[in-house]
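If you want the building blocks of each chain, they are given just below.
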Amino acid sequence: MHPMIQKTLFLLCAGILAATQATAADPYPDHPVRIIDGYSAGGGTDYVARYLASKMDADFGGSVIVENRPGASGQIGMSYVAKSKPDGYTLMVIPNELWSVAPLLYKRLPFNVDRELTPVATLADIPLVLTVSAKVAAKTVPELIAYAKANPDKLTFGTAGAGTTHHLAAELFKTMAKVDMVHVPYKGTSLAVNDLLAGQIDMVFSPITAVLQHIKSGKLKALGVTTKKRVSALPDTPTIAESGLPGYEGSVWVFLVAPNGTPNEVIEKWIAQAKKVFSTEEARKILAVQGVEPLSLTRDEIKQRNKEDSARWEKVINDAKISIE
């Protein structure tokens with residue numbers, strides 16, 4: 001074969017190969033990514049997920065959609081993600097209890113956190129607020145405890161579902177205050193808050209994002225926050241620990257998970273993007289208005305914190321004799 005023809009064929013093949021490789025290595029994402037939230041719209045995880053999605057629409061090179069799949073205390077959404085294709089196009093924003101607490105409470109879960117899921121990136125710390133309806137006479141935690149002791153099982157508290165941190169925070173309160181109250185589980189925080197506003201239940205241990213506007217409007221009363229220190233968005237609301245229950249603490253922290261087997265380069269891209277979104281001064285200011293603080297941990301630190309959570313909440317579960325089938 002003539003040398004010029006050989007050279008032409010070589011260049012043509014090289015061009016075809018390069019084009020094929022470029023197609024195979026199309027940048028991620030090349031179509032919309034879904035972030036699943038296992039609770040109803042309006043809750044703490046929903047707020048954080050939508051903030052993340054709104055910023056990544058512009059920065060991530062493709063649209064990011066938040067999809068709510070509520071039910072079974074977040075387990076329906078978690079199971080869906082665990083069984084999804086590990087291609088980086090289906091992820092989930094979860095509260096810590098879905099990873100560290102659910103396996104302690106349920107004998108049969110529709111997912112296995114160790115085998116089917118992998119942590120990706122932390123996003124935010126969300127304080128819980130002990131919030132009561134306008135019909136409740138108590139204005140402080142000590143007054144609420146005094147009323148509960150005088151009226152066993154008369155007060156009702158709503159949560160986003162059995163086994164959530166909201167539920168365990170209330171159980172810890174019951175144990176430490178030595179009071180009896182009735183648990184009313186819902187499929188999401190916003191549903192519980194709606195019934196609180198309507199006076200159908202007496203109180204919630206709710207993520208601050210779901211109740212802050214109602215507290216500021218005077219429709220609901222904040223008696224205490226569950227964090228170690230006061231929250232900047234509610235500076236006049238004391239911690240429950242300083243209100244007569246020293247050592248009390250229980251908040252929600254939120255992180256991103258993906259199906260096990262998701263390519264590491266995709267996970268690294270999400271880690272970088274999440275850090276970029278939540279490390280800005282704009283993010284700190286916007287989240288602070290809602291009482292939320294950005295949280296940045298490595299993947300190993302996420303696993304360690306989940307272990308610590310499991311140990312702490314296991315004691316609450318045992319002390320309160322909580323059993324969920």
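Placed above this text is the structure.
Residues numbered from 1 in each chain as written. Predicted model: local features only at pLDDT ≥ 70, side-chain atom pairs only at ≥ 80, totals over all residues. Heavy atoms only, no water.

S.K.: It is not clear to me how the pairing of strand β6 (residues 156–159) should be interpreted in this structure. Could you clarify?
M.R.: The side chains of a regular strand alternate, first on one face of the sheet and then on the other. Residues Thr156 and Gly158 line one face of β6 and the alternating positions Phe157 and Thr159 line the opposite face, and both faces are buried. Alignment of β6 against strand β7 (residues 182–185), held across four bridges, turns out to be parallel. The residue bridging Phe157 from the neighbouring strand is His183, located in β7. You can see the chain leave β6, run along helix α8 (residues 165–177) and come back into β7, and the turn it takes is right-handed. Summarising the sheet, β6 and strand β8 (residues 203–207) pair through two bridges and their orientation is parallel. When the bridges of β8 are listed, Phe157 appears paired with Met203. (Buried < 20%, exposed > 50% of the residue type's maximum accessible area, 1.4 Å probe, protein only. Helix = DSSP H or I, 4+ residues; strand = E, 2+ residues; numbered from the N terminus. Pairing = 2+ DSSP bridges. Right-handed = clockwise from strand over helix to strand, strands pointing away.)

S.K.: Mind showing me how you'd approach the side chain of Ser190 here?
M.R.: Residue position: Ser190 is located in helix α9 (residues 189–197). The contacts of Ser190, once residues within four sequence positions are left out, are Ser40 and Ala41. (Contact = heavy atoms within 4.5 Å.)

S.K.: It is not clear to me how helix α10 (residues 208–217) should be interpreted in this structure. Could you clarify?
M.R.: Because an α-helix packs 3.6 residues into every turn, residues spaced three or four apart end up facing the same way. Summarising burial for α10: seven of the ten residues are buried, a large majority. Considered for burial, the residues of α10 that qualify are Ile208, Thr209, Ala210, Val211, Leu212, His214 and Ile215. Note on α10: the residue one or two positions beyond its end, Gly218, has a positive phi of about 90 degrees.

S.K.: I tried to follow the environment of Lys187 on my own but got confused; where do I start?
M.R.: Residue position: Lys187 is located in the loop between β7 and α9. A C-alpha to C-alpha distance of 21 Å links Lys187 and Gln213, two positions 26 residues apart in sequence. Setting aside its immediate chain neighbours within four residues, Lys187 contacts Tyr39, Ser40, Pro70, Gly71 and Ala160.

S.K.: I'm lost on the sheet that holds strand β4 (residues 117–126) in this one. Help?
M.R.: Each strand in a sheet pairs with another by means of backbone hydrogen bonds, the pair being arranged parallel or else antiparallel. Spatial strand order, β2-β1-β3-β10-β4-β11: six strands in an open sheet with mixed pairing. Looking at the sheet topology across the chains shown, the edges are occupied by β2 (64–68) and β11 (293–294). One ladder, built from five bridges, connects strand β1 (residues 33–37) with β2; its direction is parallel. Opposite Ile35, over in β2, you have Val66 as the bridge partner. Packed onto the sheet, helix α2 (residues 44–59) meets β1, β2, β3 (90–95), β4 and β10 (252–259) and runs at close to 160 degrees relative to β2. (Axes fitted to C-alpha atoms, helices over the stretch in contact; angles between N-to-C directions.)

S.K.: For this particular structure, what's the right way to read the packing of aromatic side chains?
M.R.: Each aromatic ring pair is specified by the distance between its two centres and by the angle formed by the two planes. This model, assessed by the stated rule, comprises five aromatic pairs. Note on Tyr51 and Phe278: the rings are 5.8 Å apart at their centroids and 55 degrees apart in plane angle, and the pair reads as tilted. Highlighted residues: Tyr51 in helix α2 and Phe278 in helix α11 (residues 264–278), separated in sequence by 227 residues. An identical accessibility class is assigned to Tyr51 and Phe278; each is buried. What links up through ring pairs into an aromatic cluster is the set Trp99, Trp253 and Phe255. Across the ring face of Tyr80, the terminal group of Arg69 is positioned such that the distance to the ring centre comes to 3.7 Å. (Phe/Tyr/Trp six-rings, centres within 6.5 Å; stacked < 30°, edge-to-face > 60°. Lys NZ or Arg CZ within 6 Å of the ring centre and 35° of its normal.)

S.K.: Got a minute to help me understand the packing of α2 against helix α12 (residues 281–289) in this structure?
M.R.: Helix packing geometry: the angle between the two helix axes and the distance between the axes. Direction vectors running N to C along α2 and α12 enclose 150 degrees, while the axes themselves pass 12 Å from each other. When the axis of α2 is compared with that of α12, the two are roughly antiparallel. In this structure, α2 meets α12 at a crossing whose hand is right-handed. Contacts between α2 and α12 involve Tyr47, Tyr51 and Lys55 from the former and Glu282, Ala283, Ile286 and Leu287 from the latter. A per-class count over the contact of α2 with α12 returns five nonpolar, no polar and two charged. (Parallel < 35°, antiparallel > 145°, perpendicular 65-115°, else oblique. Left-handed = near helix turned anticlockwise from the far one by under 90°. Nonpolar A, V, L, I, M, F, W, Y, C, P; charged D, E, K, R; others polar.)

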